[in-house]
Amino acid sequence: MTMHSATLAINETIRSKTATGEKVLHLGFGEAGLPVPTFVLDVLREAAPLNGYGPVVGSQNARDAAASWFSRREAETQAHQIIFAPGSKPLLFALIAALEGDLVIPQPAWVSYAAQADLLGKGLIRVPVGENAGGVPSPGLLRDALNTAIANGQNPGILLLTVPDNPTGTVATEQDVKAVAEIAREYGLAVISDEIYAEVVHEGAAPSALTYYPEQTVITSGLSKSMALGGWRIGFARVPDNEWGRDLMDRLVGVASEIWSALAAPMQAVAAYVLSDPKEVLEHISLTKQLHARVAKAVHDEFVAVGAICRPPTAGFYLYPDFESLRDHLSAQEIHTSGDLASVLLERFGIGVLPGSAFGEPEQALRLRVATSLLYGTTEEQRWQSLKSDDPTSLPWIAESLVFLRDGLNGLIRNRGLNR
Ligand SMILES: Cc1ncc(COP(=O)(O)O)c(C=O)c1O
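Just so it is clear, the model here is predicted, and its values are computed rather than measured.

1. Looking at the pattern of salt bridges
Part 1: Inspection of the entire model under this criterion finds 17 salt bridges.
Part 2: A salt bridge links Asp277 to Arg72, with the nearest nitrogen and oxygen atoms 2.9 Å apart. Taken together, the positions of Asp277 in the loop between helix 9 (265–274) and helix 10 (279–305) and Arg72 in the loop between helix 3 (60–71) and strand 2 (82–86) put the pair 205 residues apart, joining distant regions of the chain.
Part 3: Residue classification places Asp277 among the buried residues on the basis of a relative accessible area of 15%.
Part 4: Arg72 sits in the partly exposed class, given a relative accessible area of 45%.
Part 5: Taking the shortest distance from any N to any O, the salt bridge between Asp241 and Arg246 comes out at 3.6 Å.
Part 6: Each member of the salt-bridge network shares a partner with another, and the members are Arg72, Arg73, Glu199 and Asp277.

2. A few points about empty space enclosed by the protein
Part 1: Within the structure shown, the criterion is met by 1 cavity of 30 Å³ or more.
Part 2: Counted as a void, the largest cavity has a volume near 50 Å³.
Part 3: Trp69, Arg73, Glu199, Leu223, Ser226, Val274, Leu275, Asp277, Val281, Leu282 and Ile285 together form the lining of the largest cavity.
Part 4: Among the residues forming the lining of the largest cavity, the class breakdown is 7 nonpolar, 1 polar and 3 charged.
Part 5: Shared between two domains, the lining of the largest cavity holds at least three residues of each, these being domain 1 (6–30 + 280–419) and domain 2 (49–276).

3. Here's the deal with the layout of surface pockets
Part 1: Counted as a void, the largest pocket has a volume near 630 Å³.
Part 2: Secondary structure elements with two or more residues in the lining of the largest pocket: helix 1 (6–19), helix 4 (88–98) and helix 5 (111–119).
Part 3: The element contributing the most residues to the lining of the largest pocket is helix 4, with 3 residues.
Part 4: When grouped by side-chain class, the residues that make up the lining of the largest pocket number 15 nonpolar, 10 polar and 7 charged.
Part 5: Each of domain 1 (6–30 + 280–419) and domain 2 (49–276) gives at least three residues to the lining of the largest pocket.

4. Overview of the domain arrangement of the protein chain
Part 1: Segmentation of the protein chain into domains returns domain 1 (6–30 + 280–419) and domain 2 (49–276).
Part 2: Counting residues at the interface gives 28 residues for domain 1 and 32 residues for domain 2.
Part 3: Summing the contributions of domain 1 and of domain 2, the shared interface buries around 2,400 Å²; its carbon and sulfur component is 58%.
Part 4: For domain 1, the biggest contributors to the area lost against domain 2 are Arg311, Tyr318 and Phe359; these three give 25% of the whole.

5. Quick look at the site of the ligand
Part 1: Around the ligand, the structure places 13 residues, and the nearest of them are Ser88, Asp194, Tyr197, Ser224 and Arg233.
Part 2: Ser88 places a polar main-chain atom, nitrogen or oxygen, 2.7 Å from an oxygen atom of the ligand.
Part 3: At 2.7 Å, a side-chain N or O of Arg233 approaches an oxygen atom of the ligand.
Part 4: Across the complex, the protein chains shield 93% of the 400 Å² of accessible surface that the ligand would expose by itself.
Part 5: The site holding the ligand turns out to be the largest pocket.
Part 6: Split into classes, the residues belonging to the shell around the ligand amount to 4 nonpolar, 5 polar and 4 charged.

6. Overview of helix 9
The α-helix advances 3.6 residues per turn, and as a result positions three or four apart in sequence lie on the same side.
Part 1: Most of helix 9 sits out of view: 9 of its 10 residues are buried.
Part 2: Buried residues of helix 9: Ala265, Pro266, Met267, Gln268, Val270, Ala271, Ala272, Tyr273 and Val274, and no others.
Part 3: Among the structural elements, helix 2 (38–47), helix 3, strand 2, strand 8 (234–238) and helix 10 are those in contact with the buried residues of helix 9.

7. Here we look at helix 4
Part 1: With 8 of 11 residues buried, helix 4 lies mostly within the body of the structure.
Part 2: Of all the residues in helix 4, the buried ones are Ser88, Pro90, Leu91, Leu92, Ala94, Leu95, Ile96 and Ala98.

8. Some thoughts on the nonpolar core
Part 1: Counting 45 residues, the largest nonpolar core has Val299, Phe323, Leu341, Leu345 and Leu412 as the members making the most contacts within it.
Part 2: Contributions of two or more residues to this core are made by helix 10, strand 9 (318–319), helix 12 (338–349), strand 12 (368–371) and helix 14 (396–419).
Part 3: If you tally residues by element for this core, the top one is helix 14, at 7 residues.
Part 4: Viewed by domain, this core spans two of them, domain 1 (6–30 + 280–419) and domain 2 (49–276), each represented by three or more residues.
Part 5: In this structure Leu412 touches Phe323, Leu330, Gln333, Ile335, Leu341, Val344, Leu345 and Phe349, once residues within four positions along its chain are discounted.
Part 6: Of all hydrophobic cores here, the second largest spans 34 residues; its members include Leu95, Leu99, Val111 and Tyr320.

Parameters and conventions
Residues numbered from 1 in each chain as written. Predicted model: local features only at pLDDT ≥ 70, side-chain atom pairs only at ≥ 80, totals over all residues. Heavy atoms only, no water. Salt bridge = Lys/Arg side-chain N within 4 Å of Asp/Glu carboxyl O. Helix = DSSP H or I, 4+ residues; strand = E, 2+ residues; numbered from the N terminus. Buried < 20%, exposed > 50% of the residue type's maximum accessible area, 1.4 Å probe, protein only. 1 Å grid on protein atoms, 1.4 Å probe; cavity = no way out; pocket = protein on both sides within 12 Å on 5 of 7 lines; lining within 4 Å. Points joined across faces, edges and corners; volume = space filled by probe spheres on them. Nonpolar A, V, L, I, M, F, W, Y, C, P; charged D, E, K, R; others polar. Domains from an automatic or database assignment. Contact = heavy atoms within 4.5 Å. Buried area = accessible area lost by both parts, 1.4 Å probe. Near = heavy atom within 4 Å. Polar contact = N/O pair within 3.5 Å; in protein donor to acceptor, adjacent residues only side chain to side chain. Areas by Shrake-Rupley, 256 points an atom, 1.4 Å probe, with all protein chains shown as cover. Sits in = over half its atoms within 2 Å of the grid points. Core = buried A, V, L, I, M, F, W, Y, C linked by side-chain atoms within 4.5 Å.

Given below as structure tokens:
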């Protein structure tokens with residue numbers, strides 16, 4: 001049986017430590033860490049009386065808005081291709097349930113894909129990502145991995161891509177997305193393109209498998225990251241406009257109607273509003289991206305300064321440092337796995353991060369997933385100030401956290417000297 005999601009579990013451990021007065025730097029949880037703008041609150045207030053169940057797929061208004069939203073982003077879409085849900089997580093589950101075959105995912109990958117495949121009794125094939133970006137299996141390794149899986153009696157059916165990526169905070173290149181989409185076509189795989197971070201690419205736009213494999217690519221997205229509305233649970237998916245897509249939609253509706261019925265009606269009103277791209281929403285997202293970029297870069301610099309190898313962040317609010325180059329020094333402190341490293345950082349230095357093993361990496365790999373978005377502040381006021389600041393890393397609460405992190409990382413590295 002799948003255990004409680006590692007990301008939610010660390011969040012709870014850190015909160016209970018904080019509650020007893022221990023100082024902990026919370027770099028464990030992938031919440032966008034920003035307040036809800038008044039113009040969004042107003043829409044929800046007005047929509048609160050909407051108490052009917054409504055259609056399983058979502059209201060016409062919400063579906064129209066999502067279709068236009070995709071169409072403005074170079075993916076021509078009709079409303080009938082859209083389904084809403086309480087978050088993209090249940091949609092991913094429904095998709096993995098509805099599509100045939102075993103699941104192929106990048107390594108590392110967001111924690112829930114493997115857990116969902118496990119809950120559904122599906123096989124899993126992990127394929128390492130390349131050096132420069134995560135979220136997409138290295139094209140050079142994918143074909144071999146598929147052939148080996150087939151030779152071993154597995155039945156790869158679904159390729160899941162995360163573009164932009166959590167846990168690495170990077171965006172796969174157009175070239176790699178194209179290459180894996182073409183391999184997916186060759187092997188007849190369905191592609192699920194998890195694009196929940198597409199609106200928070202620090203600069204420019206992310207490529208999509210949809211461009212190269214439109215006939216069997218499904219996109220999932222939502223407002224949890226771009227608008228920091230994770231707790232409002234607004235997710236949606238786009239299926240292809242063909243027979244394959246219509247058949248898939250029927251199966252998704254089958255799962256949805258037996259499990260969540262529909263996204264809460266007031267939340268659909270919020271989605272219809274946000275997805276119509278009003279000016280204030282676009283401006284808000286643009287500030288958000290800037291803040292994510294600046295803080296992630298500052299945290300990146302701290303990890304690199306102590307000798308970790310880390311891809312520069314290009315989207316969202318994550319980093320994925322690798323401490324392999326410091327292995328000898330860490331071994332001297334009995335740190336042999338990413339789990340050891342994460343627990344020493346938490347217990348000895350008050351730094352809460354997730355071990356790479358939670359993302360499907362071998363235990364021995366000394367990699368960590370670092371989320372930077374909870375540094376923006378602990379009160380709404382601090383978070384607003386962070387969002388509006390031209391120099392957020394010099395705000396006292398962020399600057400202090402960076403010093404706390406630096407001291408902790410230096411403590412970890414200094415320890416090596418003592419043990420030598
Ligand atoms: C890669 C990825 N996909 C999907 C989700 C799920 O988001 P939600 O269910 O809030 O839409 C998350 C949230 O952490 C994520 O990081």
